[in-house]
Amino acid sequence: MALRRELRLRRSRDFQRIRQQGRSVASRLLVLAWAPTESDQVRVGFVVSRRIFKLATQRNRLKRLLSEAIRPCLPRLRSVDLVLIPRREALEADLQTLKAELQVLLRRARLLLANEASGRQRPAGSVHKGR
């Protein structure tokens, strides 16, 4: 399922703003670029190059996988506009690998909200008892 329309970057000027004014981090599979936004909403865009991925089916598959990989992270993100750019090696990656890679990039970029940044969560209703 695709991301809702209001969660996606669609305008060329938004992509250009992120490219010119934003920051980025990269890994073996992905490049994550971001820029702050005025709204409270996180928006995500995907740039899947025709130069690297010749077939439209490859490009569309990667966009679907990246959309599913970012979906669980959206409630924990700061208000930013994100652009995800897959590298050639991403074509062989499965959804779980892309999710893990994306989590690493989001932590490196410090885009996760403070209480989620440690990666450790207590089950609902549990109480931490210090010694």
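Here the structure is shown first, and the text comes after it.
Since the model is a prediction, treat every value here as computed from it, not as a measurement.

Participant: I'd like a description of the environment of Leu 62, backed by residues and values.
Facilitator: Summarising the element assignment, Leu 62 is placed in helix 2 (residues 56-70). What makes Leu 62 buried here is its relative accessible area of 0%. For the pair Leu 62 and Pro 86, spaced 24 residues apart in sequence, the C-alpha to C-alpha distance is 7.6 Å. Excluding residues within four positions of it along the chain, Leu 62 makes contact with Val 48, Phe 53, Pro 86, Ala 90 and Leu 91.

Participant: Give a description of the sheet that holds strand 4 (residues 80-86) that names residues and reports values.
Facilitator: Pairing is mixed in the open sheet, where four strands are placed in the order 1-2-4-3. Sheet topology places strand 1 (23-26) and strand 3 (43-46) at the edges, where each strand pairs with a single neighbour. Shown here is a sheet whose adjacent strand axes are inclined to one another by a mean of 20 degrees, direction ignored. Against the sheet, helix 2 contacts strand 2 (30-36), strand 3 and strand 4, and its axis sits at roughly 135 degrees relative to strand 4.

Participant: Lay out the nonpolar core in plain terms, naming residues and giving numbers.
Facilitator: Within the largest apolar cluster, 32 residues are counted, with the highest numbers of intra-cluster contacts made by Leu 32, Ile 70 and Leu 82. Looking at this core, the elements with two or more residues in it are strand 2, strand 3, helix 2, strand 4 and helix 3 (95-108). Sorting elements by how many residues they give to this core places helix 2 first, with five residues. Among the nonpolar cores identified, the runner-up in size contains five residues, and Ile 18, Ala 33, Ala 35 and Val 83 belong to it.

Participant: Can you break down unusual backbone geometry residue by residue, with the values?
Facilitator: Its identity as a non-glycine residue notwithstanding, Arg 110 has a phi of 55 degrees, on the positive side. Structurally, Arg 110 is set in the segment after helix 3.

Rules of the game
Residues numbered from 1 in each chain as written. Predicted model: local features only at pLDDT ≥ 70, side-chain atom pairs only at ≥ 80, totals over all residues. Heavy atoms only, no water. Helix = DSSP H or I, 4+ residues; strand = E, 2+ residues; numbered from the N terminus. Buried < 20%, exposed > 50% of the residue type's maximum accessible area, 1.4 Å probe, protein only. Contact = heavy atoms within 4.5 Å. Pairing = 2+ DSSP bridges. Axes fitted to C-alpha atoms, helices over the stretch in contact; angles between N-to-C directions. Core = buried A, V, L, I, M, F, W, Y, C linked by side-chain atoms within 4.5 Å.

Function cannot be inferred from these measures alone, as they are strictly geometric.
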